[in-house]
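Here is what each chain is made of, one letter per residue.
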Amino acid sequence: MPTHWLFLIVLALGIAGWFAARQKALASAGGSMRALHSLPNTYGTNAAIWTIVPALLILGAWIVIQPVVLDHWVSGSIPDSAVTDAGDRSLVMADVRRIAAGLNLAVAGGGLSAEEALSMQADAVSIRERMADLGIAIGTEPTQVSLDAAQKWFRIERVGRIAMTVIVLGAAATGFALALLRARRDVNARASVERAILGLLIGAALIAILTTVGIVMSMVFETADFFSRYSWTEFFFSTDWDPRFQGGSSLGMLPLLWGTLYISFIALLVAVPIGLFAAIYLSEYAGPRVRAVAKPLIEVLAGIPTIVYGLFALITVGPFLRDYFAQPMGFGNSSSSVMTAGLVMGIMLIPFVSSLSDDIINAVPQSLRDGSYGLGSTQSETVRQVVLPAALPGIVGAILLAASRAIGETMIVVLGAGAAARMSLNPFEAMTTVTVKIVSQLTGDTDFNSPETLVAFALGLTLFVMTLALNVLALYIVRRYREQYE
Amino acid sequence: MKDSRIEERDTTMNDTKISARGVQVYYADNHAIKDVDVEIQDKTVTAFIGPSGCGKTTFLRCLNRMNDTIDICRVKGTIEIDGEDIYDKRIDPVQLRRKVGMVFQKPNPFPKSIYDNVAYGPKIHGMARNKSELDEIVEKALRRGAIWDEVKDRLNAPGTGLSGGQQQRICIARAVATEPEILLMDEPCSALDPIASSQVEELIDELKENYSVVIVTHSMQQAARVSQKTAFFHLGNLVEYGDTDEIFTNPQDKRTESYITGRIG
């Protein structure tokens with residue numbers, strides 16, 4: 001039975017359970033809702049949850065786990081003599097999966113019976129042609145080994161599919177029966193539904209956390225692979241970045257890190273004063289009408305896709321800086337430069353700084369301002385000496401968050417900063433960042449088994465650790481600040 | 001009203017410090033203060049009493065133009081301090097507030113050290129030429145605030161780390177450090193325990209030697225203890241104003257009597 005049918009049947013059963021349990025609970029109380037422990041709808045929801053949730057969980061788990069298990073079994077059954085090394089085995093397995101999928105399609109389409117599919121021999125007819133007749137394309141003519149494996153795959157998958165259908169339907173039916181049995185007037189269905197809601201919420205939180213863990217793990221494994229092929233001291237401390245795909249490349253990250261930090265520094269130099277001053281104006285000086293217009297307008301900046309900022313850097317800011325600053329002053333003649341990327345990224349970061357700072361400044365209690373005005377200080381004295389010091393930890397947090405955005409920013413630097421890995425102090429020279437190099441190492445047709453491609457993961461992990469540290473620091477500072485005023 | 005003014009002249013030898021005539025305050029459409037006339041004397045403690053929402057605090061905040069910081073608030077009528085209209089266009093509210101200090105309901109020390117809290121006003125007004133002068137001003141203010149002995153060894157500790165009563169006395173010291181002529185206190189004891197309250201009350205009693213003190217309070221006992229003059233506000237009207245003893249023992253108005261005997265409020 002196809003999976004979507006199974007899914008629909010379970011859902012239908014759940015809906016049926018809802019009505020049945022509701023009906024039965026009402027009947028158990030003699031039709032009087034007040035005699036019930038919980039609302040009739042709650043009994044219905046409880047039954048629906050018991051029917052649907054376990055069944056769908058099993059279904060989901062099965063769909064995820066079955067291919068993994070199959071892969072393991074089938075791959076183990078391929079004789080070592082047929083493959084030369086691990087890489088070869090994975091190629092054969094890719095073939096096997098393709099043929100098995102072809103067999104599946106053929107049987108499902110009715111062009112082939114299951115028995116025929118299982119008894120096919122590689123030497124008899126050209127399987128590739130046979131499949132092509134049925135409208136199914138297979139890349140190369142399968143060998144006997146891969147055909148055997150594919151047939152094994154096909155056979156186990158068929159069995160697994162039936163088992164899955166039986167177990168899922170069984171789970172749904174069991175849940176249905178149990179919930180219906182418990183749809184009585186003295187059963188606390190509300191508590192059970194509450195627990196289900198709690199479970200749902202915990203599940204959502206867990207998915208978010210587990211995804212982070214998963215991302216980190218995948219980065220860590222690939223990075224470990226990279227460091228097994230390339231010296232970590234070279235990677236972290238070499239100032240030479242020169243990847244060559246024919247081998248013998250130097251992969252020192254320092255020039256990239258330098259570019260990243262230099263551009264971020266300029267971006268913050270632009271974003272922090274402008275953003276902070278804008279925030280002070282909006283929260284301390286602007287009237288409610290100006291604020292209602294100006295705040296959303298500034299936040300529009302945050303909604304511009306970074307690739308659009310990149311275009312702005314590429315076609316407007318870059319040539320402008322080159323023609324009016326870099327060339328006349330003899331700093332160079334490259335339109336993509338640290339300055340270009342830094343300025344544009346700074347503009348992008350303004351709303352981050354201003355919006356967060358604005359919230360934080362607004363959180364400073366009015367009583368502090370009153371106290372300062374009451375002593376005869378002017379507005380700017382109050383802002384400088386009372387409001388800003390009180391808001392400082394939060395503002396520092398906002399700046400750190402903006403910094404971690406700057407470090408991880410990709411599109412603006414791809415288009416604005418250039419691609420030359422170089423360590424120079426001249427801000428009008430093209431440099432490059434960690435993110436740009438991750439993109440360039442992974443674009444194109446590459447397989448992940450050379451240091452030149454794997455270095456991207458090491459770079460990514462380094463970047464991740466840096467931004468994570470900044471975020472943790474920012475959160476720590478912001479949290480300490482919050483405790484002061486609550 | 002007229003009677004009480006005559007009594008004023010009889011019972012005091014002090015000059016009028018603040019003179020308010022026909023004061024109206026509106027919050028948007030809400031008429032918060034209705035036609036208030038009052039004369040507040042120098043070197044006297046004047047208490048404003050009345051039920052919540054009667055306009056005591058609003059009127060108090062008119063006296064140093066703190067209401068300017070509220071957008072929707074409009075003030076009409078004249079308020080003169082030493083014969084000068086404080087709502088005149090030529091008057092800078094910042095200068096005015098230096099002359100008319102204020103202590104708020106909730107202690108609001110700045111997130112700075114104790115020393116910097118007290119030195120804040122003198123610094124922004126350039127009252128000290130050097131560090132030692134500033135030290136003197138701070139010490140004098142803290143002594144006047146009756147808290148010097150408690151904090152003299154930790155002047156660099158944050159002001160926010162003190163107890164509520166200590167914080168409030170720091171705020172009072174902060175207010176007197178700029179040497180104002182009038183001190184406005186908006187329920188200065190409402191956030192304090194009885195011991196801290198009595199410390200603040202003693203302080204108010206001492207402060208009246210040098211300043212004209214106006215205090216808003218919800219506690220009639222406190223008004224009776226610390227003030228020489230009392231004004232009773234009700235629904236935005238100044239109902240009765242006169243000597244504290246008179247107000248509490250022989251109120252002229254029915255509403256005053258009801259309030260002090262606890263029947264309205």
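Residues numbered from 1 in each chain as written. Chains lettered and ligands numbered in written order. Predicted model: local features only at pLDDT ≥ 70, side-chain atom pairs only at ≥ 80, totals over all residues. Heavy atoms only, no water.

J.: Even after reading the chapter, I still don't get the sheet that holds strand β10 (residues 237-243) of chain B, so can you show me in this structure?
T.: Hydrogen bonds along the backbone pair up the strands of a sheet, which may run parallel or antiparallel. All names here are of chain B. Taking strand neighbours across the sheet as the criterion, the six strands line up as β6-β7-β8-β3-β9-β10 in an open arrangement whose pairing is mixed. What marks the edges here is a single partner per strand, and that holds for β6 (100-103) and β10. When the angles between neighbouring strand axes are averaged without regard to direction, this sheet yields 15°. Here helix α7 (residues 164-177) sits on the sheet in contact with β6 and β7 (182-186), set at roughly 175° to β6. (Pairing = 2+ DSSP bridges. Helix = DSSP H or I, 4+ residues; strand = E, 2+ residues; numbered from the N terminus. Axes fitted to C-alpha atoms, helices over the stretch in contact; angles between N-to-C directions. Contact = heavy atoms within 4.5 Å.)

J.: How should I be thinking about the interface of chain B and chain A in this particular structure?
T.: Reports of interface size often rely on the accessible area that becomes lost once the parts have come together. Counting residues at the interface gives 22 residues for chain B and 18 residues for chain A. Buried surface at the junction of chain B and chain A, summed over both partners, amounts to about 1600 Å²; 63% is from carbon and sulfur atoms. The largest per-residue losses of area from chain B upon contact with chain A belong to P111, Y120 and I124 of chain B, which jointly make up 31% of the total buried on that side. Counting across the interface, chain B meets chain A through one salt bridge. Note that D370 of chain A and R61 of chain B form a salt bridge whose closest N and O atoms lie 3.8 Å from each other. Here chain B is connected to chain A by six residue pairs in polar contact (both at pLDDT 80 or more). Of all the secondary-structure elements, those providing two or more residues to the side of chain B that touches chain A are α3 (93-99), β6, α4 (114-124) and α7 of chain B. (Buried area = accessible area lost by both parts, 1.4 Å probe. Salt bridge = Lys/Arg side-chain N within 4 Å of Asp/Glu carboxyl O. Polar contact = N/O pair within 3.5 Å; in protein donor to acceptor, adjacent residues only side chain to side chain.)

J.: Sorry if this is basic, but what is going on with unusual backbone geometry here?
T.: Leaving glycine out, the prevailing phi sign among residues is negative, and the prevailing peptide bond configuration is trans. All names here are of chain B. A positive phi angle, near 50°, is found at A28, a position not held by glycine. Here A28 is to be found in the loop between β1 (16-27) and β2 (30-41). By relative accessible area, A28 is classed as partly exposed at 39%. Backbone geometry places E179, a non-glycine residue, at a positive phi of 50°. If you trace the backbone, E179 turns up in the loop between α7 and β7. By relative accessible area, which is 45% here, E179 ends up partly exposed. (Buried < 20%, exposed > 50% of the residue type's maximum accessible area, 1.4 Å probe, protein only.)

J.: What exactly am I supposed to notice about the sheet that holds strand β4 (residues 73-81) of chain B here?
T.: All names here are of chain B. On the basis of which strands lie adjacent, the open sheet formed by four strands has the order β2-β1-β4-β5 and antiparallel pairing. Edge positions in the sheet fall to β2 and β5 (84-85), since each of these pairs with one other strand and no more. Sheet topology places β1 next to β4; eight bridges connect them, and they run antiparallel. The residue of β4 that forms the bridge with Y27 is C73.

J.: Can you help me understand the environment of A35 of chain A in this one?
T.: Residue and element names in this part refer to chain A. Within the fold, A35 resides in the loop between α1 (3-28) and α2 (40-77). Assessed through its relative accessible area of 29%, A35 is described here as partly exposed. Taking the C-alpha atoms as reference points, A35 and R185, separated by 150 residues in sequence, lie 6.9 Å from one another. In contact with A35, other than residues within four places in its own chain, are A29 and R185.

J.: Sorry, what's going on with the nonpolar core here?
T.: Nonpolar side chains in soluble globular proteins tend to be buried together. Of all hydrophobic cores here, the largest spans 52 residues; its most connected members are F226, F235, M345, L349 and L459 of chain A. Contributions of two or more residues to this core are made by α7 (189-229), α9 (254-285), α11 (306-326), α12 (338-363), α14 (379-408), α15 (411-416), α16 (434-442) and α17 (451-485) of chain A. For this core, the element with the most residues is α17 of chain A, which contributes 10 residues. The contact partners of L349 of chain A, leaving out residues within four places of it in the chain, are A267, L268, A271, A402, R405 and A406 of chain A. Grouped together as the second largest cluster of nonpolar side chains are 42 residues, I147, A175, C189 and Y259 of chain B included. (Core = buried A, V, L, I, M, F, W, Y, C linked by side-chain atoms within 4.5 Å.)

J.: I tried to follow the side chain of S357 of chain A on my own but got confused; where do I start?
T.: All names here are of chain A. The topology assignment puts S357 in helix α12. A distance of 2.6 Å separates a polar side-chain atom of S357 from the backbone oxygen of V353. Not counting the four nearest positions on each side in its chain, S357 is found in contact with L276, A279, I395 and A398.

J.: Explanation requested: α1 of chain A in the structure shown.
T.: Note: α-helices contain 3.6 residues per turn, so residues at a spacing of three or four share the same orientation. Residues and elements named next belong to chain A. Between its first and last C-alpha, α1 extends 37 Å over 26 residues, near the 38 Å set by a 1.5 Å rise per residue. When α1 is considered as a whole, its buried residues turn out to be L6, V10, G14, G17, A21, A25 and L26. The elements touched by buried residues of α1 are α2 and α6 (144-181). Looking one or two residues past α1, G30 carries a phi angle of roughly 65°, positive in sign. (Expected span 1.5 Å × (residues − 1).)

J.: What exactly am I supposed to notice about the state of the cysteines here?
T.: All names here are of chain B. Taken as a whole and judged by the stated rule, the model has zero disulfides over all chains. Free cysteine C62: the closest other cysteine sulfur is in C73, separated by 6.2 Å. The thiol of C171 is unpaired, and the distance to the nearest cysteine sulfur, on C189, comes to 12 Å. On the basis of relative accessible area, C171 is assigned to the buried category, the value being 3%. (Disulfide = S-S within 2.5 Å.)

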